[in-house]
Number of protein chains: 2
Amino acid sequence: MSYERDNIRRLSAYTPGEQPKAADIIKLNTNENPYPPVKSIMDALSSIQGEHLRKYPPATAIEFREATAKVHSVQPDQVIATNGSDELLRLAITCYCEPNSDSKKKGALGLTDPTYSLYNVLADIHDALIVSIDLDDQYQMPTDLAEQWNRAGCTLAMIVNPHAPSGRVYEIDQLKMIATAFNGILIIDEAYADFADFNALDLVRENSGLNNVLISRTFSKGYSLAGLRFGYGIAPASIIDTLNKAKDSYNTDFISQKLATAAILAHDDVAKTWDLVKSERSRVENKLIGMGYHVFPSQTNFLLAIPPKDAPQAEAIYRQLAEQHIYIRHFSMANMRDKIRISIGTPEQNDTLLQAMKELK
Amino acid sequence: MSYERDNIRRLSAYTPGEQPKAADIIKLNTNENPYPPVKSIMDALSSIQGEHLRKYPPATAIEFREATAKVHSVQPDQVIATNGSDELLRLAITCYCEPNSDSKKKGALGLTDPTYSLYNVLADIHDALIVSIDLDDQYQMPTDLAEQWNRAGCTLAMIVNPHAPSGRVYEIDQLKMIATAFNGILIIDEAYADFADFNALDLVRENSGLNNVLISRTFSKGYSLAGLRFGYGIAPASIIDTLNKAKDSYNTDFISQKLATAAILAHDDVAKTWDLVKSERSRVENKLIGMGYHVFPSQTNFLLAIPPKDAPQAEAIYRQLAEQHIYIRHFSMANMRDKIRISIGTPEQNDTLLQAMKELK
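These figures come from a predicted structure and were not determined experimentally.

About the cut-offs
Note on numbering: residues in each chain are counted from 1, in written sequence order. In the order they appear in the text, chains get letters beginning with A and ligands get numbers beginning with 1. Local features in this predicted model are restricted to residues of pLDDT 70 or higher, and side-chain atom pairs are both shown and tallied only at a pLDDT of 80 or more, whereas totals for entire chains, interfaces and linings draw on every residue. Hydrogens and water are ignored here; the side-chain numbers use all heavy atoms of the structure. Each helix is a run of DSSP H or I of at least 4 residues and each strand a run of E of at least 2, with the numbering of both proceeding from the N terminus. Radius of gyration means the value over C-alpha atoms here, while the globule rule gives 2.2 Å times the residue count to the 0.38 power. Only protein chains enter the accessibility calculation, which uses a 1.4 Å probe; a residue whose area is less than 20% of its type maximum is buried, one above 50% is exposed, and one in between is partly exposed. The contact criterion used throughout is that any non-hydrogen atoms of two residues lie within 4.5 Å. Note on areas: these come from Shrake-Rupley sampling with a 1.4 Å probe, and a residue is covered only by the protein chains present in the view. Centres within 6.5 Å are what make two rings of Phe, Tyr or Trp a pair, Trp counting through its six-membered ring; a difference in plane orientation under 30 degrees is then read as stacked, over 60 as edge-to-face, and the rest as tilted. A ring is scored as having a charge over it whenever the NZ atom of a lysine or the CZ atom of an arginine sits within 6 Å of its centre and within 35 degrees of its normal. Here the copies are superposed with least squares, the fitted atoms being C-alpha atoms of residues at a pLDDT of at least 70 in both. Strand pairing requires that DSSP identify at least two bridges connecting the strands. Every angle, taken between N-to-C directions, lies between 0 and 180 degrees, and every axis is a line fitted to C-alpha atoms, over only the stretch in contact when it is a helix.

Draft legend 1. The overall build of chain A, seen in detail. Summing up its helical and strand segments, chain A has 13 helices and twelve strands in all. Taken against the 2.2 N^0.38 rule, which gives 21 Å for 361 residues, the C-alpha radius of gyration of chain A at 21 Å falls within 12% of a compact globule. If one aligns the C-alpha atoms of chain A with their principal axes, the spans along those axes are about 55 × 55 × 50 Å. For chain A, the proportion of its 361 residues judged to be buried stands at 64%. Within chain A, contacts between residues separated by at least 24 positions form 74% of all contacts whose residues are at least 6 apart in sequence. When the accessible surface of chain A is totalled, it reaches about 13,700 Å², and 49% of it is carbon and sulfur.

Draft legend 2. Inspection of the environment of isoleucine 185 of chain A at higher detail. Secondary-structure assignment places isoleucine 185 of chain A in strand E6 (residues 185-189). Given the relative accessible area of 3%, isoleucine 185 of chain A is considered buried. A sequence separation of 155 residues divides isoleucine 185 of chain A from threonine 30 of chain A, and the C-alpha atoms of the two residues are 28 Å apart. If we ignore the near neighbours within four places in the chain, the residues touching isoleucine 185 of chain A are Tyr96, Thr155, Leu156, Ala157, Asn212, Leu214 and Ile239 of chain A together with Tyr3 of chain B.

Draft legend 3. Focus on the packing of aromatic side chains. All names here are of chain A. All told, the structure shown has 24 aromatic pairs over all chains when counted by the stated rule. Taking the centre distance of 5.7 Å and the plane angle of 40° together, the rings of phenylalanine 219 and tyrosine 232 count as tilted. Of this pair, phenylalanine 219 sits in the loop between strand E7 (213-218) and strand E8 (231-234) while tyrosine 232 sits in strand E8, and the two are 13 residues apart along the sequence. Comparing phenylalanine 219 with tyrosine 232, the two get one shared label, buried. Among the aromatic residues, ring-to-ring pairing joins Phe64, Phe219, Tyr223, Phe230, Tyr232 and Trp274 into one connected group. Looking at arginine 341, its charged tip hangs above the ring of phenylalanine 302, at a distance of 5.3 Å from the centre.

Draft legend 4. Representation of the relation of the copies chain A and chain B within the structure. Of the two same-sequence chains, chain A is brought onto chain B (RMSD 0.0 Å, axial shift 0.0 Å) by a rotation of 180°. The transformation relating the two chain copies, once decomposed into turn and shift, fits a two-fold axis. Both copies share a contact surface, since 99% of the interface residues of chain A are interface residues in chain B too.

Draft legend 5. Looking closely at the sheet that holds strand E3 (residues 108-113) of chain B. Residue and element names in this part refer to chain B. Taken in spatial order, the seven strands line up as E2-E8-E7-E6-E5-E3-E4 in an open sheet, and their pairing is mixed. In this open sheet, the two strands that pair with only one neighbour each are strand E2 (79-82) and strand E4 (130-134). In this sheet, adjacent strand axes meet at a mean angle of 20° when their direction is disregarded. Alignment of strand E7 (residues 213-218) against strand E8 (residues 231-234), held across four bridges, turns out to be antiparallel. Bridging across to E8, threonine 218 finds its partner in glycine 231. Contacts from helix H4 (residues 62-72) reach E2, E7 and E8 within the one sheet, and its direction differs from that of E2 by about 125°. Each of strand E5 (154-160), strand E6 (185-189) and E7 is contacted by helix H8 (residues 172-181), which is oriented at about 155° to E6, the strand it contacts most.

So, in structure tokens, the structure goes:
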């Protein structure tokens, strides 16, 4: 006899990219920053004492929120700290989507297809109805996206910008039009914004004219802290208040609060690694184009590419590279399986990758 | 216009104990271990390098699970690591309780009253029906507890053992009878088991004759790691498999996995602090009894006590002590407001508390 809910029984869990253990691998499959965390972050780690660990941490990460509010020119009550941005996304679904919503008129989750695949998993765990609207072959959104979501009863929607898995960016004006037309909370997931030319922070400021945008950020990509599990949301205080009701009491630990605070304050220093990544992104893109690949323009730290007709196809490339301990990403969904996704590494890693790609059989 | 679910709008969030900031306070309000984390835990912290933080952590904390399985004589697939035991409790509700369950015949959450107050909050976030069965004035459970839960359609139930907020312990035979009679998953929350004379681990072993018990553990109390946010569950593999489907992909970070592994391996060393706490618990209990208090027998690191008739009453005691920077806990619920709860501190802290209690006005 099993007692779990029907939707949990049916669930296929999210498949994260491989984390191979061998020491000599080149890992370009999960979009980590190839450069190590900056010194001030490691100094913050060295400063942790036993007494900090013995006691419960600050429940709402006030020091982090104050520092982050200052950096982004918002108020501390517009910021929530979370156990990775995964938790932020889950909290939003918990608060704004109705479980069993296939039987209701309100409370569905609006997505695009393709998008970050975790969104679907989180909705399925909650048993929320997913309303997934197709992007075109350049990953552009339809002009009536918000209206389609409205008609289907969505009260929450998620757009990842820059877009994953394509890397393309949507203009802020386009996002603002969608937020204005949408009858619900719009999450703009800026996991990759550190590598982009602009971000949507203006849409959560008090003078934005909007009150329904929630921006999601993470330290996993730009700040080289994927191992730390720390993300945050920025939104009007009314949205943050709601999310706070649903979070675990002490959702972030003392160490990650300290390191994330050091990280956000080291913003300018960390940005030097983003410039290195962007420069390499441009170089790798040009090399791939030279080899006949179709490469989608990217403002992230990865490139999505379609192999030329005379080369091995996407899954074969993934396999051949993995045999040489070079890991890139291949997705099995129908609209992704002809493509490969490559995280931008150090110049040396990228050279090794490009050389191996020239020698594919 | 607000878009959140009705149950979220109605929610009052869990109130954690105060975490006052002043340096000179005596903090006996949130049941932390008064002794610092042992040396091998701090050594594990010193060993963390930037490269560990740059990459995603092991998704299911395999090293921790292997170490813990060995210590508890179970299999690694019987263990799940979580972001504090709060996450474990939430995952169980997500998987086994139906949202909107007031309109259904199955999927309610079975509790006792009183119990750890977070359980009610987590159920309200999920919008699960709570079936709360009264304990008697010695915090004993009714003999037909499981039958009452069954009749009310509970598919998940939670017992904290040793019990909070009383500190009393339930015998394993009694828990086994409840698990046998209950038609659902029974969580035994052993947050305080490190300070007790026995635990319920036998009930999750393969030869137990049971397949519906999930034990919850935390490093926040016994291991002096409340700031780390790390807990775990032990259960038959079928229950762990279900919980794994609902957890965030990377729910625990690299640092906490390393420190928790060091902690569980330092079990015997840490146990010396538990002996000190137990010895002080006995001393403080006797002193309070000598001062006319009714003290409930405790196998935790706290004491629940009712002041004598000629002393100030519970809330006044709490306030007077707080003015002297000594923090104990007072709950406002009707069945708790005549009592105070005191975490056991170091001998010096306990002496200061007892002296202050003698001088109450």
